[in-house]
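Summary of the model geometry
Now for the letters of each chain:
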Amino acid sequence: MRLLMRIVKIVFGVIAVGVIGLAVWLFTSPPELLRVGSGYAAKIVCSNVFLAGRDSEEVLAVDVQAPGHPLLRLMNVSVNQAEKRVRAALLGFIAGNDAVYREGLGCSVTPDGSAPAPLNVARSAPVAIDETVLWPEGGKIESDPNVAALLSDAALTGPGMRAVVVVKGGRIVGETYGPGFSKDTPLLGWSMTKTVTATIIGTLIRDGKLSLEDKGLFPQWRNDQRNDIRLADLLAMESGLAFNENYGTVADVTRMLYLEPDMANFAADLPLEADPGTRFNYSSGVGVMLSKVWMDRIGDRAAALAYPGKALFGPLGMASAVMETDEAGTFVGSSYMYATARDWARLGLFLAHDGVWNGNRILPEGFVARMQEPNRTSNGRYSKMQTWLPVRSGDIPADAFFLDGHDGQNVIVVPSLDLVVVRLGLTPGWERYSPLQLVEEVAKTITAP
């Protein structure tokens, strides 16, 4: 019996030492996957608390944990309102990562633990919206009862729907919102931000500050074939650069977004895996590099940070729009823009009208056309200008294109019908939802005799 008890004590001692050793290892040298998870949790909670005014525990449970990796269910977050900082960690103390809010620029992950530079963008005082004037000049809408009937069909609007706005002939003809969300709630567009980045670049092309044929875009490219990559190649996702867009693991995209303080240079350091212009590779790294390119072309950092508001959001009346930066102060032009559904609809309407707003041409002629033209190597799936092209059917005209974001974010633009459909939500890919059926039904309804 004594021998048995001694063996039991030894076994439990070994287990205890192992558990302590594991805890020490996780605390001092946590696996990168855990830090990706904590960075993601901190970032999503931070943005939704300080931009959208949502409850942190609700965001953690609904937006982060419910649809995500099982390890995310073990993440805890703490919100420091005074410092406008969110810290997330496994079980509250393992593999911690922070996100910090900066006025006018949203939240940035700070994976190296340092305090980000005190960058801020002054935001204009809110302009009172006249609710007696029709949108987009005011806040009034006149719903089409046939469109409203479509939007009441949960199968069409999809699981996890948070907002749907339908614009026809320049006016909102129908909108609906999920529980807890409204016309005033800023919502994350994820990769729809890529199209916004392209649109900003269009304003600089208009002014002669950038050209689609520009090369030599990063200093580290100047001694190899990467120097031949054109701005047009990046915009068409045909740069030839290596980039792994595999979410759920520590791939290039998750490392960039949650472990790298300078995302653009991380992406630019990656090697070529194909000649420029010869292979389609969808890459969020490209979206951040494009931001770096246009910001460097402006030169002055303060002017660059204010530029989206001055050149695009202000003229379109997108008062809610906020593009977020990385720790280094570069806009995360691949993934991080928040705006209300109505403001996403303003962007769609602007593109449906060929880059003209209130009679003023903001984008050069022919620029939006590139959003409708397939690139050379994606088999018709992706355009030359950071948009997706839907599988054609008899009910969606051939000139349609769409902005597409992670977890069910879409702005579908159909210029020939003067139609825009915005659909935002939390709809993971495993739901197999596509907004195209909704668009088809709307198109039938608005063109019916």
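Preceding this section is the structure that the text describes.
Structural notes, computed from the coordinates. (Residues numbered from 1 in each chain as written. Predicted model: local features only at pLDDT ≥ 70, side-chain atom pairs only at ≥ 80, totals over all residues. Heavy atoms only, no water.)

**Digging into a nonpolar patch on the surface**
On the surface, Leu-33, Leu-71, Leu-74, Leu-91, Phe-93 and Val-250 cluster together to form a nonpolar patch covering roughly 460 Å² of accessible area. Residue placement: Leu-33 occurs in helix 2 (residues 32-50). On the basis of relative accessible area, Leu-33 is assigned to the partly exposed category, the value being 32%. (Patch = residues over 30% accessible without salt bridge, like charges linked within 9 Å, V, L, I, M, F, W, Y side chains within 5 Å. Areas by Shrake-Rupley, 256 points an atom, 1.4 Å probe, with all protein chains shown as cover. Salt bridge = Lys/Arg side-chain N within 4 Å of Asp/Glu carboxyl O. Helix = DSSP H or I, 4+ residues; strand = E, 2+ residues; numbered from the N terminus. Buried < 20%, exposed > 50% of the residue type's maximum accessible area, 1.4 Å probe, protein only.)

**Describing the side chain of Thr-427**
Within the fold, Thr-427 resides in the loop between strand 14 (419-425) and helix 14 (436-447). Here the side chain of Thr-427 touches Pro-159 through a polar contact of 2.5 Å, landing on its backbone oxygen. Setting aside residues up to four positions removed in sequence, Thr-427 forms contacts with Pro-159, Gly-160, Met-161, Asp-407, Gly-408 and Tyr-433. (Polar contact = N/O pair within 3.5 Å; in protein donor to acceptor, adjacent residues only side chain to side chain. Contact = heavy atoms within 4.5 Å.)

**Focus: empty space enclosed by the protein**
To locate leftover empty space, one rolls a probe as large as a water molecule over the atoms. The tally for this structure, following the rule as stated, stands at three cavities of 30 Å³ or more. Each pocket or cavity is described by its volume, and for the largest cavity that value is around 190 Å³. Asp-63, Arg-162, Leu-188, Trp-190 and Leu-426 are, among the 17 residues lining the largest cavity, the residues nearest its centre. Going through the elements one at a time, helix 2, strand 7 (187-188) and strand 14 are the ones with two or more residues in the lining of the largest cavity. A total of three residues in the lining of the largest cavity trace back to one element, the largest contributor, which is helix 2. Per-class residue counts for the lining of the largest cavity are 10 nonpolar, three polar and four charged. (1 Å grid on protein atoms, 1.4 Å probe; cavity = no way out; pocket = protein on both sides within 12 Å on 5 of 7 lines; lining within 4 Å. Points joined across faces, edges and corners; volume = space filled by probe spheres on them. Nonpolar A, V, L, I, M, F, W, Y, C, P; charged D, E, K, R; others polar.)

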